[in-house]
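# Observations on the three-dimensional arrangement
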Amino acid sequence: MKIRLFEIFTSVEGEGILYGTKTLFVRLAGCPFTCFYCDTKESLPLDSGKEYNLQEACQLIDSNLKKQTYKVNFTGGDPLIQHEAVAELAKYVQGKKIPTYLESSCFDSDRFNHVLPFIDIVKIEFKTKDSKFVDSKHYEKLIENVMNCLKSSVSERKTTYIKIVVSSKTELSEFTNLVSSIFNSVSKHQIDGFIIQPTYGIAEPSLDLLLDLYDIVFPFYPDVKVVPQLHKFIGAP
Ligand code: SF4
């Protein structure tokens, strides 16, 4: 089995509920989607990075793994593009008793369920229509898949949190509908966090908009947090 990796490096986690933790990032190559705020565009081509066999990829993890690393993130690109190989690598990392973490757009719940047994911490990302992730014709299908991934993750009792990236273009009515359908599917006790992440450097939302979005989530989930990408403030990748 082959796997195409774009890069592998240790840094400080800058997003989500575990920001600040020392993390080994395994960035998979390839993502066919088109979010306008994507900050890893170099890794989107399916032929970016370098191809390894599984044994070489495991050796690469070993040689890059620093002492006292809190977790290993499988990120991209979108790791679910190479779901079979990611499952094998995550299984390898779990064997070392280091928590594994999946960062994906959750575009395909079958692929997600294939990887899930080998993942300890899951970020479930809901894209809003203004992200331009997919065209409007395919948007409902995307949300259906993400919702199924969320349900699987909580039913398998993984550490699960929700993230939504928001920009100046995010519409309150669409955001409201999305949040209510999330909490129609899961209860607040089943998730470990809800992060509203503002875009950085492009179509940034105003503070007023962020507070309005916060207020929409709060009645459903009082521990909601607005957290920007903190690694960008310290110049970390
Ligand atoms: S899904 Fe992620 S990697 Fe793919 S285009 Fe969107 S932000 Fe970039």
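See the structure printed just above.
Notes on the structure follow. Quick caveat, the model's predicted, so the values are computed rather than measured.

### Things to note about the overall build of the protein chain
When its secondary structure is counted, the protein chain shows six helices and nine strands. Radius of gyration (C-alpha) of the protein chain: 17 Å, near the 18 Å computed for a compact globule of 237 residues. Seen along its three principal axes, the alpha-carbon backbone of the protein chain occupies a region of about 50 × 35 × 35 Å. Of the contacts made within the protein chain by residues no fewer than 6 positions apart, 78% connect residues no fewer than 24 positions apart.

### Structural notes on the site of the ligand
All residues in the neighbourhood of the ligand are listed as Cys-31, Phe-33, Thr-34, Cys-35, Cys-38, Thr-40, Gly-76, Gly-77, Asp-78, Ser-105 and Phe-133. Of the residues contributing to the shell around the ligand, the split by class is five nonpolar, five polar and one charged.

### Things to note about the sheet that holds strand β1 (residues 2-12)
Here we have nine strands laid out as an open sheet, ordered β3-β1-β2-β4-β5-β6-β7-β8-β9, and mixed in their pairing. Edge positions in the sheet fall to β3 (50-53) and β9 (225-226), since each has one partner strand and no second. For strand β6 (residues 121-125) and strand β7 (residues 159-166), the ladder comprises five bridges, and the chain directions are parallel. Within β7, the residue paired with Ile-124 across the bridge is Ile-162.

### Digging into unusual backbone geometry
Across residues other than glycine, the phi torsion is negative in most instances, and most of the peptide bonds are trans. The residue after Gly-76, namely Gly-77, is reached through a cis peptide bond having omega 20 degrees. With respect to the secondary-structure elements, Gly-77 resides in the loop between β4 (71-75) and α2 (83-94). One non-glycine residue with positive phi stands out, namely Ala-203, at about 45 degrees. Of note, Ala-203 is situated in the loop between β8 (194-198) and α6 (207-217). For Ala-203, a count of 15 C-beta atoms within 10 Å corresponds to the partly exposed category.

### Brief notes about the packing of helix α5 (residues 172-185) against α6
Here α5 crosses α6 at 25 degrees, and the two axes come no closer than 10 Å. Taken together, the axes of α5 and α6 are roughly parallel relative to one another. Once α5 is placed against α6, the crossing between them reads as right-handed. Of the residues in α6, those in contact with Leu-172, Phe-175, Thr-176 and Val-179 of α5 are Asp-212, Leu-213, Ile-216 and Val-217. Here the residues of the contact of α5 with α6 sort into six nonpolar, one polar and one charged.

### Overview of the pairing of β4
Along β4, four of the five residues are buried, which leaves the element largely enclosed by surrounding structure. As judged from the five bridges shared by strand β2 (residues 22-28) and β4, these two strands associate in the parallel manner. Along β4, the bridge assignment pairs Leu-24 with Val-72. Taken together, the three bridges between β4 and strand β5 (residues 100-104) define a ladder with parallel strand orientation. Across the sheet, residue Val-72 finds its bridge partner in β5, namely Thr-100. Viewed along the sheet, the connection from β4 through α2 into β5 turns out right-handed.

Reading the values: the criteria
Residues numbered from 1 in each chain as written. Predicted model: local features only at pLDDT ≥ 70, side-chain atom pairs only at ≥ 80, totals over all residues. Helix = DSSP H or I, 4+ residues; strand = E, 2+ residues; numbered from the N terminus. Rg over C-alpha atoms; globule rule 2.2 N^0.38 Å. Contact = placed C-beta atoms within 7 Å. Near = placed C-beta within 6 Å. Nonpolar A, V, L, I, M, F, W, Y, C, P; charged D, E, K, R; others polar. Pairing = 2+ DSSP bridges. Buried ≥ 20, exposed ≤ 12 C-beta atoms within 10 Å, placed from the backbone. Axes fitted to C-alpha atoms, helices over the stretch in contact; angles between N-to-C directions. Parallel < 35°, antiparallel > 145°, perpendicular 65-115°, else oblique. Left-handed = near helix turned anticlockwise from the far one by under 90°. Right-handed = clockwise from strand over helix to strand, strands pointing away.

Any functional reading would require information beyond the geometric quantities listed.
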